[in-house]
Amino acid sequence: MWYQQAFLAGLLVCLLGFFIWGRWRYDLVAFVALLIAVAAGAVPASEAFLGFGHPATVTVALVLIIGRGLINSGAVGLIARHLLPPVSSPTVHIGVLSAVAGALSAVMNNVGALAMLMPAALSSAEKAKRSPALVLMPLSFASILGGLVTLIGTPPNIIVAAFRGEETGTPFSMFDFAPVGGAVAVTGIAFVALAGWRLIPKARQAAMSPRDMFHIESYVTEAGVPEKSEADGGALEDLAKRAGEHDADVLAVIRDNRRIDRSGRATLLRADDVVVIRAGSETLDAVLSALALKPVDSVDAHEPSLFGGERSALIEAAIPTNCWIEGRSPAALRLRQRFGASLIAVSRQGEPFHGRLKNLRFRTGDVLLLQGDADRLQEIVSALGCLPLADRYLQIDSGRFALVSVAAFAAAVAAAALDVVSMPIALAMAVAAMVLLNTVPLRGVYKAVDWPVIVLLGAMIPIGGALQSSGTTDLMAGALVDAAASLPPAVILVLVMVLTMTLSDILNNAATAVVMAPIAMSVADTLHCNVDTFLMAVAVGASCAFLTPIGHQNNTLVLGPGGYKFGDYWRMGLPLEVLIVCVATPMLLWVWPL
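Calculation notes
- Residues numbered from 1 in each chain as written.
- Predicted model: local features only at pLDDT ≥ 70, side-chain atom pairs only at ≥ 80, totals over all residues.
- Heavy atoms only, no water.
- Helix = DSSP H or I, 4+ residues; strand = E, 2+ residues; numbered from the N terminus.
- Buried < 20%, exposed > 50% of the residue type's maximum accessible area, 1.4 Å probe, protein only.
- Contact = heavy atoms within 4.5 Å.
- Areas by Shrake-Rupley, 256 points an atom, 1.4 Å probe, with all protein chains shown as cover.
- Phe/Tyr/Trp six-rings, centres within 6.5 Å; stacked < 30°, edge-to-face > 60°.
- Polar contact = N/O pair within 3.5 Å; in protein donor to acceptor, adjacent residues only side chain to side chain.
- Salt bridge = Lys/Arg side-chain N within 4 Å of Asp/Glu carboxyl O.
- Pairing = 2+ DSSP bridges.
- pLDDT = per-residue confidence, 0-100.
- Patch = residues over 30% accessible without salt bridge, like charges linked within 9 Å, V, L, I, M, F, W, Y side chains within 5 Å.
- Core = buried A, V, L, I, M, F, W, Y, C linked by side-chain atoms within 4.5 Å.
- Axes fitted to C-alpha atoms, helices over the stretch in contact; angles between N-to-C directions.
- Parallel < 35°, antiparallel > 145°, perpendicular 65-115°, else oblique.
- Left-handed = near helix turned anticlockwise from the far one by under 90°.
- Nonpolar A, V, L, I, M, F, W, Y, C, P; charged D, E, K, R; others polar.
- Expected span 1.5 Å × (residues − 1).

Undergrad: Got a minute to help me understand the overall build of the protein chain in this structure?
TA: Along its length, the protein chain carries 28 helices and ten strands. Expressed as a percentage of its 594 residues, the buried residues of the protein chain come to 58%. By sequence separation, contacts in the protein chain at least 24 residues apart represent 79% of the contacts at least 6 residues apart. About 23700 Å² of surface is accessible on the protein chain, with carbon and sulfur atoms providing 61% of the total.

Undergrad: Just to check I follow, could you spell out the environment of Leu62 for this structure?
TA: When you line up the elements, Leu62 lands in helix H3 (residues 55–72). Beyond its immediate stretch of four places on either side in the chain, Leu62 contacts Pro424, Leu427, Ala428 and Val431.

Undergrad: What is the right way to read the packing of aromatic side chains from this model?
TA: Two aromatic rings are characterised by how far apart their centres lie and by the angle between their planes. Counted by the stated rule, this structure contains seven aromatic pairs. When the centroid spacing of 5.4 Å and the interplanar angle of 65° are considered together, the rings of Phe172 and Phe177 count as edge-to-face. Of the two residues examined, Phe172 and Phe177, each falls in the buried class. Judged by centre distance (5.6 Å) and plane angle (70°), the rings of Phe172 and Trp592 are edge-to-face. Linking Phe172 in the loop between helix H8 (155–168) and helix H9 (178–194) with Trp592 in the segment after helix H28 (569–591), this pair joins segments that are 420 residues apart in sequence. Residue classification places Phe172 among the buried positions, given a relative accessible area of 3%.

Undergrad: Would you explain the side chain of Ser543 in this entry?
TA: With respect to the secondary-structure elements, Ser543 resides in helix H25 (residues 531–543). On the accessibility criterion, Ser543 (1% relative accessible area) is buried. There is a polar contact of 3.3 Å between the side chain of Ser543 and the backbone oxygen of Ala539. Once residues lying within four places of it in the same chain are set aside, the contact partners of Ser543 are Ile144, Leu148, Thr154, Pro156, Asn157 and Ser504.

Undergrad: Before we go on, may I ask you to explain the pattern of salt bridges in this structure?
TA: Close approach of charged atoms lets side chains of opposite charge pair. Counted by the stated rule, this structure contains three salt bridges. Across the pair Arg25 and Asp27 runs a salt bridge whose closest N-O atoms are separated by 2.7 Å. For Arg25, a relative accessible area of 42% puts it in the partly exposed group. Lys241 is paired through a salt bridge with Glu237; the nearest N and O atoms lie 4.0 Å apart. Placement of the pair is Lys241 and Glu237 together in helix H12 (residues 236–244), with a separation of four residues, close to one helical turn.

Undergrad: Sorry, what's going on with the pairing of strand S4 (residues 274–278) here?
TA: Along any regular strand the residues' side chains alternate between the sheet's two faces. Here S4 lies mainly inside the structure; four of its five residues are buried. Relative to S4, strand S2 (residues 249–255) runs antiparallel, the two being bridged by five bridges. Bridge pairing in S4 links Ile254 to Val274.

Undergrad: Can you walk me through the environment of Val578 in this structure?
TA: With respect to the helices and strands, Val578 occurs in helix H28. For Val578, a relative accessible area of 47% gives the class partly exposed. Linking Val578 and Val498, residues 80 residues apart in sequence, is a C-alpha distance of 9.3 Å.

Undergrad: Looking at this structure, I do not really get the confidence of the model for the protein chain. What am I missing?
TA: When pLDDT is averaged along the protein chain, the result is 81, and 87% of the positions lie at 70 or above. Below a pLDDT of 50 lies the segment residues 297–310, which in the model reaches 32 contacts outside its immediate sequence neighbourhood of four places, other chains included. In this model, residues 392–398 is a region of pLDDT below 50 whose contacts with residues beyond four sequence positions or in other chains number 24 contacts.

Undergrad: When you look at a nonpolar patch on the surface in this model, what are you seeing that I'm missing?
TA: A contiguous nonpolar surface patch, about 590 Å² in accessible area, is contributed by Phe18, Trp21, Trp24, Leu28, Val32 and Ile36. Secondary-structure elements contributing two or more residues to the nonpolar patch are helix H1 (2–21) and helix H2 (26–39). With three residues, the top contributor of residues to the nonpolar patch is H2. Along the chain, Trp24 falls in the loop between H1 and H2. Note on Trp24: relative accessible area 44%, which makes it partly exposed.

Undergrad: Any chance you could explain the nonpolar core here in plain terms?
TA: What tends to happen in soluble globular proteins is that the nonpolar side chains get buried as a cluster. Phe19, Phe534, Tyr564 and Ile580 are the most contacted members of the largest nonpolar core, which totals 147 residues. Formed by 21 residues, the second largest nonpolar core is a distinct cluster that contains Ile319, Ile325, Phe362 and Leu370.

Undergrad: What exactly am I supposed to notice about the packing of helix H5 (residues 90–107) against helix H6 (residues 110–127) here?
TA: When two helices pack together, their arrangement is given by the angle between the helix axes and the distance between those axes. Two numbers describe how H5 lies on H6: the axes approach to 9 Å, and their chain directions differ by 160°. In terms of their interaxial angle, H5 and H6 are classed as roughly antiparallel. For the pair H5 and H6, the crossing hand works out as right-handed. When H5 is examined against H6, the residues His93, Leu97, Val100, Ala101, Leu104 and Ser105 are found in contact with a partner set consisting of Asn110, Ala113, Leu117, Ala121, Ser124 and Ala125. Considering only residue class, the contact of H5 with H6 consists of eight nonpolar, four polar and no charged.

Undergrad: Quick question: what am I supposed to make of H8 here?
TA: Taking 1.5 Å per residue, 14 residues should reach 20 Å; H8 reaches 20 Å between its end C-alpha atoms and fits that length. Here H8 lies mainly inside the structure; eleven of its 14 residues are buried. Within H8, burial applies to Pro155, Pro156, Asn157, Ile158, Ile159, Val160, Ala161, Ala162, Phe163, Arg164 and Gly165. Just downstream of H8, Gly169 is the residue with a positive phi angle, here 90°.

Undergrad: What is the right way to read unusual backbone geometry from this model?
TA: In most cases, non-glycine residues show a negative phi, while peptide bonds are predominantly trans. One non-glycine residue with positive phi stands out, namely Arg334, at about 50°. Within the fold, Arg334 resides in the loop between helix H15 (330–333) and helix H16 (335–339). With a phi angle near 65°, Asn438 is a residue other than glycine that sits in the positive phi range. Among the secondary structure elements, Asn438 is positioned in the loop between helix H19 (423–437) and helix H20 (442–448). Owing to a relative accessible area of 44%, Asn438 belongs among the partly exposed residues under this scheme.

Below, the structure is given as structure tokens:
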């Protein structure tokens, strides 16, 4: 048995190493680790894929779908519209934003809550003439804190509840997390609103909005077609191809105050036509020379010549974690041909990207400036898997479907809380109701699920089970207890929570919960203490990732739009994590005595 324990311990170390390295996606790493464990005999082949049907995995998927239904029905939009006005005081402004984010995150996935609130937050900051950096990091932290309050607020709570069910036969219920999680959330949100935002670096507090970061006039230029030049009489399609060779893009032709889009490829150019070109300022002269065009006055991003009236517009969109375009280049995406959109500029960590766009590899947190048909831009952004940074309130009906969707969700929560049915079954019924109401279209059900997280859980749960059944977690727990042999159990509880919190700052929070939950149970058994106390400590620690932009998807999501640097997060995150430990420890000992 010792060799199996050694193998699993080594596999776990390698797994965590690859997670920290981040070179490959965590779902792929976890799945490969599962296959290696099966091949080595550490995980029985018959149990290899049981993790995909595990209650924790199913519940996470259902919560994501319900969150999408609440957004699509207009329920979340109505809340954001009425509760997020710009206010003169930054403390009140951030406090209102944070409170709404925390409340929404308690009843839906916190990533979905942030994605829905971020455009409204940016809009309110712009109206208040306030830097987006002042509101986005507090909004992210508050949405993470809100997830601590209920079973469905964050995946670690669901995972910990499932492990408790396997250990004792009864999982944690919907509101078992509320006493400790609620105290932590309220204290944390109060800190963020009153003092935390003041710790954001002054340089970031003076940062511009995403639109202002781009300096659009540096990227979009009007050029005239001289009479009897090489361009005069040439086809628009040929001009566009030649522009592409110089890392430029022909957006449109203006003729007699009328716009001709690139869809009219057979159009022949005439003298005095105005060609709208996207090109970097450092290459503009070479592009105009190669295309036989002459510069005219710089185009303003708000002038009709760029947008061509009502049918064309600009939109900023952020690249979220696990977006399918991550790692790809604009040239590979063929935005104009496939989506009918043009990439005007890219901002990365608050700075415009000035290199050659066609060679750029998209990263999580990048903000894209896209131009295209106003009626299709939202659809284009959605197809790219990005999140628009502009107000949009998706309402299928004027409140009627919002009310019905909220009622279906509330009925599911009540049924689970009263033990009428299990939580996964109750949530599945709510999903079925939303599909029947068409608040989540049938094909939208699959789009709502964060599949990398599902694959991660499905792969990690069997590995976690093998760690338990082989006695590996007992060895780890014994080593931890031996190292802290002279310390009282309450101090060891704090060590477990801090260790979990530290791992969560560099790993996916779901993976952290899967690894630490069985270790925490073994520590509790070794100390002859209450297992629930240690599991709750893991639930708190796994969800509190505030030191880096990679510990939680929400932190990554605001990185680009807020113009933050990697090292900005710990300034507010470190005192917040210390405060959380100070609040959570006495609450744990009081609500869940050792």
